[in-house]
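Below, each chain spelled out in residue letters.
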Amino acid sequence: MKKIFGDIISTITVAVLFFAILMLVVFSAVSYQRSVKISDANGNTRAVLSYIITAVKADEASRVTIQDTDGMQVLVIENESTGYGQQIFYRDGKVQENYGRLGEPVAVDDALVIGEADLFRLDLKADNLLQITTDLGSSYVHLNRG
Amino acid sequence: MKRERNIAFIVELLLLFVILLFVIVVITQTFMKSRGQSLYARHLTEAVTLAEEVAEVSASAADLTEAADRFDAMEQVQEISSLSGEGLDLVMEFAAESGVHDRYRVELDWLEEKAADGSAGASAGSRFVTKQIRVYFAEETVPIYTLDSGDFKEQA
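Residues numbered from 1 in each chain as written. Chains lettered and ligands numbered in written order. Predicted model: local features only at pLDDT ≥ 70, side-chain atom pairs only at ≥ 80, totals over all residues. Heavy atoms only, no water.

Engineer: Sorry, what's going on with the packing of aromatic side chains here?
Structural biologist: For any pair of aromatic rings, the description consists of the separation of the ring centres together with the inter-plane angle of the planes. Residues and elements named next belong to chain B. Considering all chains together, one arrives at 4 aromatic pairs over all chains under this definition. Positioned above the aromatic ring of tyrosine 136, the side-chain terminus of arginine 105 is 4.2 Å from the ring centre. The cationic tip of lysine 131 hangs over the ring face of tryptophan 110; the distance from NZ or CZ to the ring centre is 5.4 Å. (Phe/Tyr/Trp six-rings, centres within 6.5 Å; stacked < 30°, edge-to-face > 60°. Lys NZ or Arg CZ within 6 Å of the ring centre and 35° of its normal.)

Engineer: Explanation requested: the interface of chain A and chain B in the structure shown.
Structural biologist: The extent of an interface is frequently quoted as the accessible surface area lost upon association of the parts. Chain A puts 24 residues into the contact, and the matching count from chain B is 27 residues. Around 2,300 Å² of area is buried between chain A and chain B when both sides are counted, 67% of it from carbon and sulfur atoms. Along the contact surface separating chain A from chain B lie 1 salt bridge. Among the salt bridges present, the one from lysine 57 of chain A reaches glutamate 56 of chain B, with a minimum N-O distance of 3.1 Å. In this structure, the connection of chain A to chain B is made through 5 residue pairs in polar contact (both at pLDDT 80 or more). Secondary structure elements with two or more residues in the side of chain A that touches chain B: helix H1 (2-44) and strand E8 (137-142) of chain A. (Contact = heavy atoms within 4.5 Å. Buried area = accessible area lost by both parts, 1.4 Å probe. Salt bridge = Lys/Arg side-chain N within 4 Å of Asp/Glu carboxyl O. Polar contact = N/O pair within 3.5 Å; in protein donor to acceptor, adjacent residues only side chain to side chain. Helix = DSSP H or I, 4+ residues; strand = E, 2+ residues; numbered from the N terminus.)

Engineer: Help me understand helix H2 (residues 64-72) of chain B in this model?
Structural biologist: Structurally, the α-helix is built with 3.6 residues per turn, so residues lying three or four positions apart point the same way. All names here are of chain B. Of all the residues in H2, the buried ones are Leu64, Ala67, Ala68, Arg70 and Phe71. Down the axis of H2, the buried set is contained in an arc of 165°. They therefore lie on one face. Set apart from the buried face of H2 by more than 90 degrees, the exposed residues are Thr65, Asp69 and Asp72. Two or three places before threonine 65, at the start of H2, stands the capping residue aspartate 63, its side-chain oxygen 3.2 Å from that residue's backbone nitrogen. (Buried < 20%, exposed > 50% of the residue type's maximum accessible area, 1.4 Å probe, protein only. Arc of directions from axis to C-beta.)

Engineer: Looking at this structure, I do not really get the packing of helix H1 (residues 2-60) of chain B against H2 of chain B. What am I missing?
Structural biologist: Angle between the axes and distance between the axes are the two parameters that describe a pair of packed helices. Residues and elements named next belong to chain B. Contact geometry of H1 with H2 gives a least axis separation of 8 Å together with a crossing angle of 130°. Taken together, the axes of H1 and H2 lie oblique to each other. Classified by chirality, the crossing of H2 by H1 is right-handed. Facing Val54, Val57, Ser58 and Ser60 of H1, the residues of H2 in contact are Glu66, Ala67, Arg70 and Phe71. Tallied by class, residues from the contact of H1 with H2 come to 4 nonpolar, 2 polar and 2 charged. (Axes fitted to C-alpha atoms, helices over the stretch in contact; angles between N-to-C directions. Parallel < 35°, antiparallel > 145°, perpendicular 65-115°, else oblique. Left-handed = near helix turned anticlockwise from the far one by under 90°. Nonpolar A, V, L, I, M, F, W, Y, C, P; charged D, E, K, R; others polar.)

Engineer: Sorry if this is basic, but what is going on with the confidence of the model for chain A here?
Structural biologist: Any region with low pLDDT has predicted coordinates that should not be read closely. Across chain A, the average pLDDT comes to 83, with 94% of residues at or above 70. Highest mean pLDDT in chain A belongs to strand E3 (residues 84-91) of chain A (91); lowest belongs to H1 of chain A (79). (pLDDT = per-residue confidence, 0-100.)

Engineer: What should I look at first to understand the sheet that holds strand E4 (residues 94-101) of chain A in this one?
Structural biologist: Sheet strands line up and pair through hydrogen bonds in the backbone, either parallel or antiparallel. Residue and element names in this part refer to chain A. Ordered by their spatial adjacency, 5 strands build an open sheet running E1-E2-E3-E4-E5, and the pairing between neighbours is antiparallel. A single partner strand is all that each edge strand has here, and the edge strands are strand E1 (63-69) and strand E5 (112-116). Looking at each pair of strands side by side, their axes are set apart by 25° on average, direction ignored. Of the strand pairs in this sheet, E4 and E5 are connected by 4 bridges, and their pairing is antiparallel. Its bridge partner lying in E5, glutamate 97 is registered against leucine 112. (Pairing = 2+ DSSP bridges.)

Engineer: Would you mind showing me how to read unusual backbone geometry here?
Structural biologist: Residues apart from glycine generally show negative phi values, whereas peptide bonds are mostly found in trans. Although it is not a glycine, aspartate 70 of chain A adopts a positive phi angle of roughly 55°. Along the polypeptide, aspartate 70 of chain A turns up in the loop between E1 and strand E2 (72-79). One non-glycine residue, alanine 138 of chain B, lies in the positive phi region at around 50°. Mapped onto the secondary structure, alanine 138 of chain B falls in the loop between strand E4 (126-137) and strand E5 (145-154).

Here it is, written out as structure tokens:
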């Protein structure tokens, strides 16, 4: 009887230790997953917005306008000295850019993808304040020129 | 003899159990600290973003009153009040993840350059405005991020 009791105790102890190790592994994995998720969110959340803001502010001499082409909003960063401009627009769930001649239709098939988004909207809040909104947030850009 | 072996086994088992507990505590603390660091990184990133937005909006405004009007129209701004007459105190929300809204307090100092005789404006054409933007997370008293900025404003 005593031997059986001792065996049961030993088995339960080993089982508890095994369960404790298993819970430790699960807890570690969940914690690491959360940390990686936060880290990824920090890096990727505003990548599209940051790229567009950098493009808008890159050339002080450029004129920034919002054009409506077939119902599609196009942010045009014009370089009047060259007659070309950077065109940023939203199509098929992706924010895309193209570099083309001013005044001509946007060559959507030649565009490069900046990033994916569920929403992309451009608003001129004032003559010199542009708001860019995506599903991951919005940003404001001060335009030095009209 | 058999009894001594049983006792030795139990003692060894207890010792290993204590060591396991110690390892569990250390690993748990490591991961808790890691999560804390990740959260701090997220808050810092959000604070930098908010400071940039406040800088951009204030740069687009001709004066503090116009800046206040533009901040009032922003969706992220929950409250706005004057800060000692030479700045603004904003309460802003940042939508971090779905359902999570981090709350920040932003202080904007707006200092216009004065001429040598103390009158406002250094020249008839324009004036230089120095701005400092301090972002505080929730109710903390130490700013998590500070941004110094400045730009020329056309004289009205």
